[in-house]
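# Summary of the model geometry
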Amino acid sequence: MKPFLKEVAEDLVKKFGLDIQHCAIVFNNKRPAVYLQKYLADIIQKPFFSPSLFTIQEFFNEAVQEKPADFYMQFFTLLEIYNQLLAEEGLPAVKSSQFFGLAKIILTDFNQVDSDLVDADKLYKELEDIAAINLEFDYLTPEQYAFLSQFWQSYSEGKHKRQQELFIQMWRRMPRLYHRFHAALLAKKHITPGGAYRKLAGMDITEMAYLKNFEKGKIIFVGFNVLSRAEAQLFTKLQQAGKALFYFDADEYYLNDALQEAGLFLRRNIHQLHLKNEFAQPVNLMKTATHNVDVYKVQGQAAQAKILNHILANDYVQPTEVDAVAVILADETLLLPALQTIPSQADDKPVNLNVTMGFPLAVSTVFGLADLWLSCQLEMFNHIHSLKYTSPHITYQQLESFLTHPLTGLTEKMKNKIRKALIDENIVHVEQTRLIRQGGILQKFFTQAEQPKQLITALLDVLNFVLNNLSQQKQLKNIDAELFVKTIHELNRLNDNIKDYLENEELPFVAALIQKALQNINVPLSGDPLQGIQLMGLLETRNLNFNKLVFLGFNEGIIPKTSIGNSFIPDSLRRVYGLPVLENLDAVSAYMVYRLLQRAEHISIVYNCLTDETTSGEPSRILKQLEYESGFKFNYYELDLPVQAAERQTIEIDKKNPMVRARLQRYLTKEKTLSPSAITTYIANPVDFFFSYVANIKEPKEVTPVVEANEIGSILHAAMEHFYRPVLKQEVSKEWIEDRLTQKDALIKKAFAKVRNMPQADTYEFSGMQRVVLAIVDAYINIITERDMADAPFTIMALEEKINAEIPFQLKGKQQSIKIFGIVDRIDVKNGVTRIVDYKTGKDDLTFNAIDKLFDTNDKYINKALIQTMIYADAYEKKSRSQHVQPVLYVVRTMKDKGIVFSSNRKALEGPFLAELKPAFLAGLENKLAELFDEDIPFKASEVADNYMYSIYTTLF
C-alpha cells in the first residue's frame, strides 16, 4: 500500500512543482523529513532545491526573537524567584536539591498552561466560595462548574490537613511565580517553548516577519493529530491568511465514527477548527484492505524480543525497501533485548538494521565509569564532612567496582596487587592518599574535585585521560569511542549551560545533575533510515508507514499509558480549563496504532502474559477493541517456555586418575598433612574432600565489613587464649577468674583486632554492628568462665597447642600412615584427668550413637566435633605419654543446660566408658583412612543431603 508521505509528496509536486523550494514543511518530529525528501526525489527524478523542513518546535522557535531557554536556565531562574517569594513570606529559602523535583513539575505545568493559552491568574486563583465561582466563572458549562466546585470544596475551611495546607500555600504563590519567572527569562532575552507558543498565538500573522521568508510558497503542516490551543489558534490564523496547507492522515473507519477515540482529535481539527485537509476524501483502508494479524502471547519480558527471530526470519536475508519492515517498541525498555536478539548476519549475509531510538548511554560501560567516579566523589565528600574520618576514604566495594571495570586499562598485575592488599588487611575503607600514590589512572580517578563547580571539568579530565589511555593501548572499541565522544560532548554542553549557576551549590546536587543529564543521552547507532529493518519507538512512527509491522510490549498499562505524568494541577481543574487528561492518552495511542495498521498488510503483535511489577499480563485494550470490531483476520500463537529442573547428576571421581593419585600420594609420603577437620569432611561427604584437599579448590577470600559467624568463633578463641595465658602451667582458682574478668573488655577488643587485622584496637571507634559482635563474644566468655569457676581449681597445661601425630592403618595388606596436624584450643587437668577442651559457637551436639555410625558417610548423625576431639585426645596421649585423656566440648549456646561431656545413650564418655570405646573408635578411623586412600573406591557424594547442605561445592555436583 502507498505510504501516507508518498501521497503527500505526489500532491505537493502536483501543486508546486519545482517551486516547492519556496515552501516550509512542518512535521511533529524529525524522522519524516528524510522519508519525504526520498519520495520527492523519486517523483521529480532530477536535481531540485529542497523545501525548508522543520519540526513544529523548531519552526515556532525561529518565529520569535527570544532564544529558547534550556531546562537548566529555567530551573535556576525558577529557584531564584521561588526563594524571593519565600523571603517575602518570611520563610527560609529552599535548597536546589530539595527544589529540583518540585521545579520539574512546576515547569511542566507552566509550559502546558502557556501552550493551551490558559489564564494562569484564574487557574491558580483560590476559590472556596461557590458564589464566587458562579460570579467569576460565568462562562463555564454546568459540567465545568461541577468540577471546579468539587475541587475547592475538598479544601473547605476547617478540613485542611497538613498536606492540604502546604498545597494551598504553594498554590497561592503560583501566579506571582509564573509572572516573575517569565519576566526574568525575558530580561535575559530567553523564552520557554510554551511561552513562545503563547506569544505567537497573540500576534497578528501579517506582522510576523519570519513568515515572509515563505511568501512565494506555503507553510505545509503534515500529519498532525493533537493540537494545543496555541497551535490550533496559529493554524487557524495561518489558514485564514492563506499561508498554510494541512495534510491529515485519516481513515474513514475512525474519522467518521464518533465512538472511535482514534479520530477524536482529527474530528476536532477538521470539524470544529475547520482546518482543511488537502486530502478531501480520507482513505478507507481499515475496512477495504487486507490485514493479517498474528498475535503472540509470550511468558516474560525478554521473551517478547526472542520471538523476533521467528517473525523476521525471511526479512533478515531479503533486501527491504524504505517502507517494508518495522519493529515498533511500545515498551521501549525492550530495546536491548531486541538488539541482542536480531543477528548481525543471516545466511552469511549482513542483516540490515537501523535503530532510530539510539543506544541508551545509561546502560553503557562509559556511563558506568562516569557514574562510579561521581559516586566516589560523593563518598569522599561525605567522609570529610563526617566526624569519623579526617581524610577522604573509599569503600572497598567502590574500589572493587573500579578494578573490575573494563575501561580502566589497569594491568592484571596491578589489580591482583591491590586485591591482595585489600584481602590480607581486610580493608573496608581505603585511604584516598594510598590510592593516589599508585599514580596513573588511580591517581587521576580518585583525586577529589576541590569545589562543586569544578565537578564537570574534573569528570571531563578523567574521561579524556581514560580515552587517550585506551587509544594508546589499542584497546578502544568503536562503540566505546562513540560513547566517549557523545558523553564528553554532552558534559561540555552541560558545563557551558550551568557553570554560572554553580558557585554556591553543594556537591551532591551537582553530581545528581550530571547523572540525570547523562542518563537521558541516546547515542545514534549506525544504519540507514531508508533501508533495512527499522527498530523504533511508537512516537517515532508518526507520519511513517510500513508494509510489515511487529509490535513488542503491546500490554495494557504500556499502551495506552496509565498516567499523564506528575502535575500540581488536579484532574478536576484540568477538565475545567481543557488541559490534557488521562482519556487523551487513549485517543493518542489508538490513533498512532490505527494509522500504522491502515496501510500495513502483515502485522505481528507480541505481549507479555506474565503479571509482574512492570506489566499487568493483559494485552492492550486497543488489541481487544480491534479483535471485536475491525474485521481483521487474527491468528493466535502462544510461546510456552516450560521450566524444567535439571536432574541431579551423580558424580564419581576416579582415584586411579594419575593427577588424583599423585595428589593423594603426597599425604601418604607425609609431604602434606591432614587436619582432623579434613578427615571429618571426608567422612561427611567425600566429594567435598576431593574438591578442597585434592583438587585444592578453595573459596576465594573477600573483604567483608561484617563479622561472619566463623570469625566470631575465632575472636572467642583468641580472647580465651589471652584470658588464660598469664596462668599457663599454673593452677586456676575461682578468685583469679573473677579478677581476670575485670579486664575482659580490653581482651575482647584485642582479640577482635587480631582476627580482623586491625591496628590500635584501644583507640579504634567500633561501629554499631561491631559492638554487637563484641557483646556476643562477651556473653560467650561469661558462659565459659561461669563453668570454669564451677570447675576450679584446675591447671592450664596448654593453650592453642599445636598437635602433630601419625595415624597408622592397613591399606590392602600394607602398612601405611598419615600425618595429622591441628591446634587444640585448650588442654587442662582437673582432678587428675587431662582434658582436651574445644570451644564451639555453632550447633554442635554432645550426643552420639554407636561408634560405627560416626564413620558412616550415609548416616545423618555424624558427630564431627567428637571425631575431632577424639583424634586430638589420641594424638596428645601419644605425644605426652598420658592415658585416658578426655575430650570435652564447650558448646557455648547449650553448655549451661547440657554440660560439656559427650554421651551415648545417656552414658558419659569418660573414665571406663571412654577407655572401652576408644579402641573401636581408632579401628573405625583406620578403616575410614583405608577407604580414603583405596584407589578402587571413587569419591562419591553422601546419600544424605544434610551432610553437604552448607557446602560451597554444591554447584559442582
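It should be emphasised that the depicted structure is a prediction, and the values quoted were computed from it without experimental measurement. (Residues numbered from 1 in each chain as written. Predicted model: local features only at pLDDT ≥ 70, side-chain atom pairs only at ≥ 80, totals over all residues. Heavy atoms only, no water.)

Residues F402, F445 and I514 are the most contacted members of the largest nonpolar core, which totals 96 residues. Apart from residues no more than four positions distant in its own chain, F402 is found in contact with L372, T408, L410, I441, L442, F445 and F446. (Core = buried A, V, L, I, M, F, W, Y, C linked by side-chain atoms within 4.5 Å. Buried < 20%, exposed > 50% of the residue type's maximum accessible area, 1.4 Å probe, protein only. Contact = heavy atoms within 4.5 Å.)

The side-chain alternation of strand β1 (residues 24–27) yields two buried faces, one formed by A24 and V26 and the other by I25 and F27. Relative to strand β5 (residues 219–222), β1 runs parallel, the two being bridged by three bridges. Following the sheet pairing, I25 is matched in β5 by I220. Summarising the sheet, β1 and strand β2 (residues 52–55) pair through four bridges and their orientation is parallel. If you follow V26 over to β2, its bridge partner there is F54. (Helix = DSSP H or I, 4+ residues; strand = E, 2+ residues; numbered from the N terminus. Pairing = 2+ DSSP bridges.)

Tallied over the entire structure, the rule returns 55 aromatic pairs. On the basis of an interplanar angle of 65 degrees and a centroid distance of 5.3 Å, the ring pair of F75 and F100 is categorised as edge-to-face. Within this pair, whereas F75 is found in helix α4 (residues 71–88), its partner F100 is found in helix α5 (residues 96–115), the two being separated by 25 residues in sequence. Clustering of aromatic rings is evident, with ring pairs tying together F54, F59, F60, Y197, Y210, F214, F221, F224, F235, F246 and F248. For K698, the ring lying beneath its charged end belongs to Y693, and the centroid distance is 4.7 Å. Between the NZ or CZ atom of R740 and the centre of the ring of F723, over which it lies, the distance is 6.0 Å. (Phe/Tyr/Trp six-rings, centres within 6.5 Å; stacked < 30°, edge-to-face > 60°. Lys NZ or Arg CZ within 6 Å of the ring centre and 35° of its normal.)

In low-pLDDT segments, the atomic positions of the prediction should not be examined closely. For the protein, mean pLDDT is 88; residues scoring 70 or higher make up 92% of the total. Segment residues 127–131 is flagged for pLDDT under 50; beyond a separation of four residues in sequence, or across chains, it makes 12 contacts in the model. (pLDDT = per-residue confidence, 0-100.)

So, on to the sheet that holds β2. With parallel pairing, the four strands of this open sheet are ordered in space as β2-β1-β5-β6. Both edges of this open sheet fall to β2 and β6 (244–247), since each of them pairs with a single strand only. For this sheet the average axis-to-axis angle between neighbouring strands, irrespective of direction, equals 20 degrees. Packing against the sheet, helix α1 (residues 4–16) makes contact with β1, β5 and β6, and its axis sits at approximately 150 degrees to β6. Packed onto the sheet, helix α3 (residues 56–63) meets β1, β2 and β5 and runs at close to 105 degrees relative to β2. (Axes fitted to C-alpha atoms, helices over the stretch in contact; angles between N-to-C directions.)

At their nearest, the axes of helix α31 (residues 676–684) and helix α38 (residues 864–880) sit 9 Å apart, and the two run at 140 degrees to each other. In terms of axis orientation, α31 runs oblique to α38. Two packed elements cross with a definite hand, and for α31 against α38 that hand is right-handed. Contacts between α31 and α38 pair P676, S677, I679, T680, I683 and A684 from the former with K864, I867, Q868, I871 and Y872 from the latter. Residues of the contact of α31 with α38, tallied by class, amount to seven nonpolar, three polar and one charged. (Parallel < 35°, antiparallel > 145°, perpendicular 65-115°, else oblique. Left-handed = near helix turned anticlockwise from the far one by under 90°. Nonpolar A, V, L, I, M, F, W, Y, C, P; charged D, E, K, R; others polar.)

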